[in-house]
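Tertiary structure, described
Letter by letter, the chains look like this.
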Amino acid sequence: MISDLNQDSHGPDAVTPPLAAAGPSTECNAIVARIVERHGRRASRLVPILQDVQAEYRYLPADVLSYVARALNVAPARVFGVATFYAHFAIKPKGRHLVRLCDGTACHVKDSVPILDAIRKKLGVDAKNPTSRDLLFTVETVACLGACGLAPVVVVDDQVYGGMTPDKGVALIDAIVAKEAAA
Amino acid sequence: MTTLVSPATKTLNIDGLDVAINGERNLLELIRKADIELPTFCYHSDLSVYGACRLCLVDIEGRGIQGACSTPPEPGLKVRTHTEEIREIRKITLELLLANHDQQCPTCLKSAACQLKAVARQLGVGQVRFKRVHEPRPLDLSSVALIRDPNKCILCGDCVRFCAEVQSVGAIDFAYRGHDAAVLPAFGDGIGAGECVNCGQCAAVCTTGALTPRPEIEPVWQALNDPTKFVVAQVAPAVRVAIGEEFGLEPGTATSGQMVAALKRLGFDRVYDTSFAADLTVIEEANEFLKRKARGEKLPQFTSCCPGWVKFAEQYFPDLLPNLSTCKSPQQMLGALCKEFLPGELGRERRDIVVVAIMPCTAKKFEAKRPELARDGSPDVDHVLTTQELARMIEEAGLRYRKLAPESYDMPMGFKTGAGVLFGNSGGVSEAVLRYAAEKISGEKLRSPDFHAVRGEDGMRLATIVIDGTVLKLAVVHGLKNARALADKVRKGKTDLDLIEVMACPGGCIGGAGQPVSRDRSVRQLRTRGIYDVDKNLDLHKSQENHFVTEIYSRHLGEIGGKKAHQLLHTHYVNRAVS
Ligand code: SF4
Ligand code: SF4
Ligand code: FES
């Protein structure tokens, strides 16, 4: 496949398979097809396209990436490369709730590691597989959240919790699980 | 100060020597022209400039230290290539690269041809002061043609750029970043799972052993040491002009005699020449072509002997598959003939005949494993060894290659004309077909067999040949990006071509990824010349003059393009449209 992201391959001379030919027309492909069309099927718009796809699915599934590659006439390996380059993009499914722990200097000094360990243990996740099996939680570490005054900090779905301890962290998780169960 | 040039020429100064600027694209080319072997990893003359390895650093007076590969030559520059500071930076750079590499050199397949090792030695790096930062990662054994060992990758990106820029496949690319950065196939799958067409050129340019042709030496040794097996070798044209390089001979030196002798000493029961089957291919393919031409259908006809191109066409141009010649490649024709006729001749079972093809090519490994090229689960070609692998076996057996007394191929399938040998060069299939078609069309003998119009180095060549009022328009391409461009035009009905020869590798099979590793274009040129010389030195130059081929038709195959010929010598293709 043509791999030049800086050059849209849809000039007047380009031969492009009809979009339908780019994959079976499942419902999921219809959604992605709309996104790709909205960006004019331009390879140079790959990053915004991936952003929209991720907004839709919360991650970038492999079959969707390969559909996007085909539709834009870009090599799948290149699309995968871009998808893995930006930390913002996830190629594995993320949980419904994103738990982020600060491992910046301030939090580290204030013992953020035991909190991380406790939460991970509770959810049965680790650095390699950060998402719980029930797809409820994804646990990530970040370098600094800019809330050093509140160290150590845990952020759950954009809500910041300061002065954390391992027990308090686990309690946070328990509260969400209870809420999910009630819903 | 030494001056080698007239005052009118524009020059710059490299280590005290004035060097003329002559259209070089960058300082690095100029430095190498001045016979200074500046070490590099991420520079390859056939590819775009990447500028990442930082090994090509030079000191430019008034500007400081800069990368030579990404600096345009300007008159008056004063360049120094080995100041104390540069020596030190280079060594540190190399140590850093080595810290990212598993350093398992003695057991590496690339060991003898590794650029990383060579540069470490060139720079006299005696230690690595940095700790390894990567956990060992598993080998990628998903491909029948290649092995990917991520533990040896130094991220120079040469493979990525070759695959995208020359082949327009893009099967591998950079993924992740920082500490996790890696060269990977899409979605972290194995390289055998995706769009890779097995051309192996990524392995040919790889600066380390991170990408290597997948060896099949072990099963071949086993067959040779098994008294119940009858082991047949067939050797492709391009091998004979390159294998000598592994034993210190000049590229392009034809060593068929020593090669056959070596194969016999290794224990092969028969040694046949794939060129014999190439002669057969010419007869079948030229007749197929003339028939299509007369009927004006399925034109242009594409050649089908390059398995890299065939898979490429199956993936990206399934609508053009009817235009491919249905002829099997010479490797597969010879395999089919061996498996068909040897059991009868020898009074043995098909399963006792083992056909080993010695090829300049990694894609041939994939081709041999195509299910449509087997009968009852037994493949027509059992194993494919690259030129490199045969050299390794010869080395392991301790044979002194250059001292072997020459021996000859076995008859009848060791007999060939120059036309069959030309298959090793880009343009060779076209020329061989022309030598046949011209006599067939005109009914007269050719005065000279040579068609210089289809020879040359360019990746896309057009030629128009007029024979007795019949106009034949040909295109010869190598490199799959060129093939893509042309096939795109064919798809849109924008060509009036009759015949298109496609080879995936630069220069054709002589530049195959199974050949001895070289990064030097002149090596390819010498091998090309070697093939034309072999043709010159043979008595016969036209496939129709191969009396053993004539005989095989009269005794076994019947009519050209007939039923038996179709059964043994033709194939069909698989729609692998990427979806
Ligand atoms: S073998 Fe050829 S097609 Fe496959 S990854 Fe290497 S360069 Fe690309
Ligand atoms: S696989 Fe080889 S050529 Fe490719 S980036 Fe790694 S070291 Fe360089
Ligand atoms: S060769 Fe110049 S930076 Fe790699």
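Helix and strand content of chain A: seven helices and four strands. Along its sequence from the N terminus, chain A presents helices and strands in the succession α-α-α-α-β-α-α-β-β-β-α. Here chain A holds 183 residues, and the buried ones make up 44% of them. Once local pairs closer than 6 in sequence are excluded, the contacts in chain A between residues at least 24 apart make up 66%. Entry remark: accessible area of chain A is about 9400 Å², with carbon and sulfur atoms responsible for 55%.

Attention now goes to the sheet that holds strand E17 (residues 383-386) of chain B. Residues and elements named next belong to chain B. As summarised here, the arrangement of the four strands in space is E12-E11-E14-E17, forming an open sheet in which the pairing is parallel. Lying at the two open borders of the sheet, with one neighbouring strand each, are strand E12 (270-273) and E17. Averaged over all adjacent pairs, the angle separating strand axes in this sheet is 25°, with direction ignored. Bridging between strand E11 (residues 230-235) and strand E14 (residues 353-359) involves six bridges; their strand directions are parallel.

Residues and elements named next belong to chain B. Here the domain parsing of chain B yields domain 1 (2-82), domain 2 (92-213) and domain 3 (228-569). Between domain 1 and domain 2, the buried area comes to about 1300 Å², and carbon and sulfur atoms account for 63% of it. The largest contributions to the domain 1 side of the interface with domain 2 come from Phe-41, Leu-47 and Tyr-50, which together make up 50% of the buried area. Taken together, the connections running from domain 1 to domain 2 amount to zero salt bridges. Class assignment for the residues of the side of domain 1 that touches domain 2 results in nine nonpolar, three polar and three charged.

All names here are of chain A. Taken together, the six bridges between strand E1 (residues 97-102) and strand E2 (residues 137-142) define a ladder with parallel strand orientation. Looking at E2, one finds that Leu-101 is bridged to Thr-141. Alignment of E1 against strand E3 (residues 154-156), held across three bridges, turns out to be antiparallel. For Leu-101, the partnering residue across the bridge sits in E3 and is Val-154.

In this section: the pattern of salt bridges. Residue and element names in this part refer to chain B. With the rule as written, the count across this model stands at 53 salt bridges over all chains. Put simply, Asp-410 and Lys-264 hold a salt bridge, and the shortest N to O gap is 3.2 Å. Placement of Asp-410 in the loop between helix H12 (387-396) and helix H13 (418-422) and of Lys-264 in helix H7 (residues 256-266) is noted, with a sequence separation of 146 residues between them. A relative accessible area of 18% means that Asp-410 is categorised as buried. Where Asp-380 meets Arg-350, a salt bridge forms, and the shortest distance between an N and an O atom there is 2.9 Å. Residue Asp-380 is found in the loop between strand E16 (378-379) and E17, and its partner Arg-350 is found in the loop between helix H10 (330-346) and E14; the two are separated by 30 residues along the sequence.

Turning next to helix H7 (residues 166-182) of chain A. All names here are of chain A. Here H7 spans 25 Å end to end across 17 residues, near enough to the 24 Å set by a 1.5 Å rise per residue. For H7, the complete set of buried residues consists of Gly-169, Val-170, Leu-172, Ile-173 and Ile-176. Buried residues in H7, looked at end-on, bunch into an arc of 150°, giving them a common side. Residues Asp-167, Lys-179, Ala-181 and Ala-182 are exposed on H7 and point more than 90 degrees away from its buried face. Looking at the packing, one finds that the buried side of H7 touches E1, helix H6 (112-123), E2, E3 and strand E4 (159-161).

On to the site of ligand 2, then. Close to ligand 2 lie Cys153(B), Ile154(B), Leu155(B), Cys156(B), Gly157(B), Cys159(B), Val183(B), Cys206(B), Thr207(B), Thr208(B), Ala210(B) and Leu211(B). Looking at the shell around ligand 2 residue by residue, the classes come out as nine nonpolar, three polar and no charged.

What links the strands of a sheet is backbone hydrogen bonding, and the strands pair in either a parallel or an antiparallel sense. Residue and element names in this part refer to chain A. Taken in spatial order, the four strands make up an open sheet running E2-E1-E3-E4, and their pairing is mixed. Each edge of the open sheet carries a strand with a single partner, namely E2 and E4. Averaged over neighbouring strand pairs, the angle between their axes works out to 20° when direction is ignored. Set on the sheet, H6 makes contact with E1, E2 and E3; between it and E2 the angle comes to about 160°.

This part is about unusual backbone geometry. With an omega of -10°, the peptide bond running from Ala151(A) to Pro152(A) counts as cis. Within the fold, Pro152(A) resides in the loop between E2 and E3. Residue Arg54(B) is not a glycine yet carries a positive backbone phi of 60°. Tracing the chain through its elements places Arg54(B) in the loop between helix H1 (27-33) and strand E4 (57-60).

Attention shifts here to the packing of aromatic side chains. All chains considered together, the criterion is met by 11 aromatic pairs over all chains. Relative to Tyr86(A), the ring of Phe85(A) lies with its centre 5.1 Å away and its plane at 80°, an arrangement referred to as edge-to-face. Both rings, one in Phe312(B) and one in Tyr316(B), keep their centres 4.9 Å apart while their planes meet at 75°; by these two values the pair is edge-to-face. Taken together, the residues span about one helical turn, with Phe312(B) and Tyr316(B) both in helix H9 (residues 307-316) at a distance of four residues. Tyr316(B) shares its class with Phe312(B); the two are buried. Taken together, the ring pairs in this structure connect Phe302(B), Trp309(B), Phe312(B), Tyr316(B) and Phe317(B) into an aromatic cluster. When the ring centre of Phe366(B) is taken as reference, the NZ or CZ atom of Lys311(B) above it lies at 5.7 Å. Lying over the aromatic face of Tyr532(B), Arg455(B) brings its terminal NZ or CZ to 3.9 Å of the ring centre.

Phe268(B) and Trp309(B) are the most contacted members of the largest nonpolar core, which totals 131 residues. When residues of this core are assigned to their parent elements, the largest contribution, nine residues, is made by helix H8 (residues 274-295) of chain B. Beyond its immediate stretch of four places on either side in the chain, Phe268(B) contacts Val220(B), Leu224(B), Val231(B), Val232(B), Ala233(B), Leu263(B) and Val356(B). With 23 residues, the next largest nonpolar core counts Ile31(A), Val32(A), Ile35(A) and Val79(A) among its residues.

What counts and how
- Every chain begins its residue count from 1, and numbering advances along the sequence as written.
- Each chain takes a letter, starting from A, and each ligand takes a number, starting from 1, following the order in which they are written.
- Reporting in this predicted model follows two pLDDT cut-offs: at least 70 for local features of residues, and 80 or more for side-chain atom pairs to be given and counted; totals over whole chains, interfaces and linings ignore these cut-offs and use all residues.
- As a rule here, side-chain values cover all heavy atoms of the structure and leave hydrogens and water aside.
- A run of H or I in DSSP becomes a helix once it reaches four residues, and a run of E becomes a strand once it reaches two; helices and strands are each numbered from the N terminus.
- We call a residue buried when its accessible area falls under 20% of the maximum for its residue type, exposed when it is over 50%, and partly exposed in between, using a 1.4 Å probe and counting protein chains only.
- Whether two residues are in contact is decided by their heavy atoms: any pair within 4.5 Å suffices.
- All accessibility values rest on the Shrake-Rupley procedure with a 1.4 Å probe; residue burial counts only the protein chains present in the view.
- Strand pairing requires that DSSP identify at least two bridges connecting the strands.
- Structural elements are reduced to axes, namely lines fitted to C-alpha atoms, with helices fitted over the stretch in contact, and the angle between N-to-C directions of any two is expressed from 0 to 180 degrees.
- Domain borders in the structure are assigned automatically or taken from a domain database.
- Note on terms: buried area is the combined drop in 1.4 Å-probe accessible area of two parts once they are placed together, counting the loss on both.
- We count a salt bridge whenever a side-chain nitrogen from Lys or Arg sits within 4 Å of a carboxyl oxygen from Asp or Glu.
- Each residue receives one of three labels: charged for Asp, Glu, Lys and Arg, nonpolar for Ala, Val, Leu, Ile, Met, Phe, Trp, Tyr, Cys and Pro, and polar for the others, Gly being one of them.
- Helices are assigned an expected span. That span is 1.5 Å times one less than the residue count.
- Summarising the geometry, the arc corresponds to the directions from the helix axis toward the C-beta atoms.
- Note on terminology: near, applied to a residue and a molecule or strand, indicates that one of the residue's heavy atoms is within 4 Å of it.
- Under the pairing criterion, centres of Phe, Tyr and Trp rings, with the six-membered ring standing for Trp, must be within 6.5 Å; the plane angle then separates stacked pairs below 30 degrees from edge-to-face pairs above 60, leaving the rest tilted.
- Counted as over-ring charges are cases with an Arg CZ or a Lys NZ within 6 Å of the ring centre that also lie within 35 degrees of the ring normal.
- The criterion is simple. A nonpolar core is a set of buried Ala, Val, Leu, Ile, Met, Phe, Trp, Tyr and Cys residues joined through side-chain atoms within 4.5 Å.

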